Amino acid sequence: MDNQTEVRKFILLGLTSLQGLQKFLFMLFLLLYLSTLLGNMAIMIVVICEPRLHTPMYFFLCNLSCLDIFFSTVTVPKVLAGLLSGHRGISYTGCLSQLHFFHFLGSSEALLLAVMAYDRYVAICNPLRYTLIMSPRACLQLAVATWAAGFLHALMHTVMTSRLHFCGPNHIQHFFCDIKPLVRLACIQSKEGRRKAFSTCISHLTVVALLYVPVIFNYVPPSSGSSASWTMIATLMYNVVTPVLNPLIYTLRNVEVKRALKKRLFSRELLAQKMFCLAACVG
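Every value quoted in this text rests on a predicted model; they were computed, and no experiment measured them.

1. Details of the overall build of the protein chain
Thinking step 1. Secondary structure assignment for the protein chain yields ten helices and three strands.
Thinking step 2. Scanning the protein chain from its N terminus toward the C terminus, one meets helices and strands in the order β-α-α-β-α-α-α-β-α-α-α-α-α.
Thinking step 3. For the protein chain, buried positions account for 29% of its 283 residues.
Thinking step 4. Across the protein chain, every contact between residues at least 6 apart in sequence was considered, and the portion connecting residues at least 24 apart equals 73%.
Thinking step 5. Just so you have it, the protein chain exposes about 19,100 Å², and 70% of that area is on carbon and sulfur atoms.

Following this line, the structure appears as structure tokens:
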């Protein structure tokens, strides 16, 4: 890597290279973007200005509209500029920034939808305590937690992507910077390196599969459609079999653990002590 040149600029190939389609796509995306801005801004203004709408549901809806505006702004203006001028270059820093905010806002929106579902659940199933549970303070805390969790989730992906090295082609097969197309452009590692990485993770993946597959099989299907025998077998898998296999899976593939076990169980001093204790017990 020391003798290779790092890529500092990327080229977004966009949706199409056909000149005839670019004008049509520009008008289409411009119309969609303006509709997004106007529609969500109208919702935010109405919710803020109308006291009757100062409820948890509309508070979260206002947050959702804000997220939608920013979420579209992360990618669409760059797409419009590329379709209009043909300039599709983006700097390395700009690419990582776009990736970060895309996943930050997208993750926050996904979490916010879950919070909104919880709000409706409380309103329907516990209406008498709704105002107590969904108090203004609780709503604010849920909203802050949603944005903060989305930011941290995106930060993790951004940091991991920033550690990749780009020393070859700089043409991104996408209309914005995302993780998968950037990974494809990263300097290719050897098959041996990929094999070692997979070998490192295979133990944990095996344990995860042994635990989650039976659990999903047991609890996801409706009760009326599942056999009692299969339910018991699935329960035995993650309740009895998996705890037995976990030590074997994690230790048999771990060189350090095997060495420590051999040192502890089969060392000369320990064997001498065992023989002495055995002779004393027999005598």
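2. A look at the environment of F60
Thinking step 1. Relative to the helices and strands, F60 is located in helix α2 (residues 56-85).
Thinking step 2. If near-sequence neighbours (up to four positions away) are discounted, F60 is found in contact with L112, V115, M116, D119, M134, C139, L142 and A143.

3. As for the UniProt feature "transmembrane region" (unreviewed entry) in the protein chain
Thinking step 1. As recorded in UniProt, the feature "transmembrane region" (unreviewed entry) lies at residues 24-46, 58-80, 101-118, 138-156, 197-217 and 229-252.
Thinking step 2. Annotation note: span residues 24-46, helix share 100%, strand share 0%, distance between end C-alpha atoms 33 Å.

4. Considering the pattern of salt bridges
Thinking step 1. Going through the model one piece at a time under the given rule, you end up with two salt bridges.
Thinking step 2. The salt bridge partner of E50 is R52, with a shortest N-O separation of 3.2 Å.
Thinking step 3. On the basis of relative accessibility, which here comes to 28%, the residue E50 falls in the partly exposed class.
Thinking step 4. With its nearest N and O atoms 3.0 Å apart, the salt bridge here joins D119 to R120.
Thinking step 5. Since its relative accessible area comes to 1%, D119 is described here as buried.
Thinking step 6. Overall, the relative accessible area of 33% leaves R120 in the partly exposed class.

5. Side note on the packing of helix α1 (residues 19-49) against α2
Each pair of packed helices can be described by the angle between their axes along with the distance between the axes.
Thinking step 1. Contact geometry for α1 and α2: axes closest at 9 Å, N-to-C directions at 160°. Considering their axes alone, α1 and α2 lie roughly antiparallel with respect to each other. Helix-helix and strand crossings are classified by hand; for α1 and α2 the assignment is left-handed.
Thinking step 2. By residue class, the composition of the contact of α1 with α2 is 21 nonpolar, six polar and one charged.

6. Re the sheet that holds strand β2 (residues 89-91)
Thinking step 1. Pairing is mixed across the open sheet formed by three strands, whose spatial order is β2-β1-β3. Bordering the open sheet on either side are β2 and β3 (171-172), each of which pairs with just one other strand.
Thinking step 2. By the bridge criterion, three bridges tie strand β1 (residues 9-12) to β2 in an arrangement that is antiparallel. Looking at β2, one finds that K9 is bridged to S91.
Thinking step 3. The sheet strands contacting helix α3 (residues 92-125) are β1, β2 and β3, and the helix crosses β2 at an angle near 85°.

7. Notes on the packing of aromatic side chains
Thinking step 1. Throughout the structure, instances matching the rule amount to ten aromatic pairs.
Thinking step 2. Summarising the aromatic geometry, the rings of F102 and F176 are spaced 4.5 Å apart at their centres and angled 40° between planes, so their arrangement reads as tilted. Here F102 is found in helix α3, whereas its partner F176 is found in the loop between β3 and α6 (179-185), with 74 residues between them in sequence.
Thinking step 3. Each member of the aromatic cluster is reached from another via a ring pair, and the members are F71, F102, F175 and F176.

8. A short note on the state of the cysteines
Thinking step 1. Taken as a whole and judged by the stated rule, the model has one disulfide.
Thinking step 2. Free cysteine: C66, not disulfide-bonded; nearest cysteine sulfur from C62 at 7.2 Å.

9. Quick look at the nonpolar core
Thinking step 1. F60, L105, L112, M116 and M134 are the most contacted members of the largest nonpolar core, which has 16 residues in total.
Thinking step 2. For this core, the secondary-structure elements that each account for two or more residues are α2, α3 and α5 (136-162).
Thinking step 3. Here this core gets seven residues from one element, more than from any other, and that element is α3.
Thinking step 4. In this structure L112 touches F60, N63, L64, L67 and T146, once residues within four positions along its chain are discounted.
Thinking step 5. Among the nonpolar cores identified, the runner-up in size contains 15 residues, and Y92, L99, C177 and L185 belong to it.

Definitions and cut-offs
Residues numbered from 1 in each chain as written. Predicted model: local features only at pLDDT ≥ 70, side-chain atom pairs only at ≥ 80, totals over all residues. Heavy atoms only, no water. Helix = DSSP H or I, 4+ residues; strand = E, 2+ residues; numbered from the N terminus. Buried < 20%, exposed > 50% of the residue type's maximum accessible area, 1.4 Å probe, protein only. Contact = heavy atoms within 4.5 Å. Areas by Shrake-Rupley, 256 points an atom, 1.4 Å probe, with all protein chains shown as cover. UniProt positions renumbered as here; feature names shortened; annotations may be inferred. Salt bridge = Lys/Arg side-chain N within 4 Å of Asp/Glu carboxyl O. Axes fitted to C-alpha atoms, helices over the stretch in contact; angles between N-to-C directions. Parallel < 35°, antiparallel > 145°, perpendicular 65-115°, else oblique. Left-handed = near helix turned anticlockwise from the far one by under 90°. Nonpolar A, V, L, I, M, F, W, Y, C, P; charged D, E, K, R; others polar. Pairing = 2+ DSSP bridges. Phe/Tyr/Trp six-rings, centres within 6.5 Å; stacked < 30°, edge-to-face > 60°. Disulfide = S-S within 2.5 Å. Core = buried A, V, L, I, M, F, W, Y, C linked by side-chain atoms within 4.5 Å.

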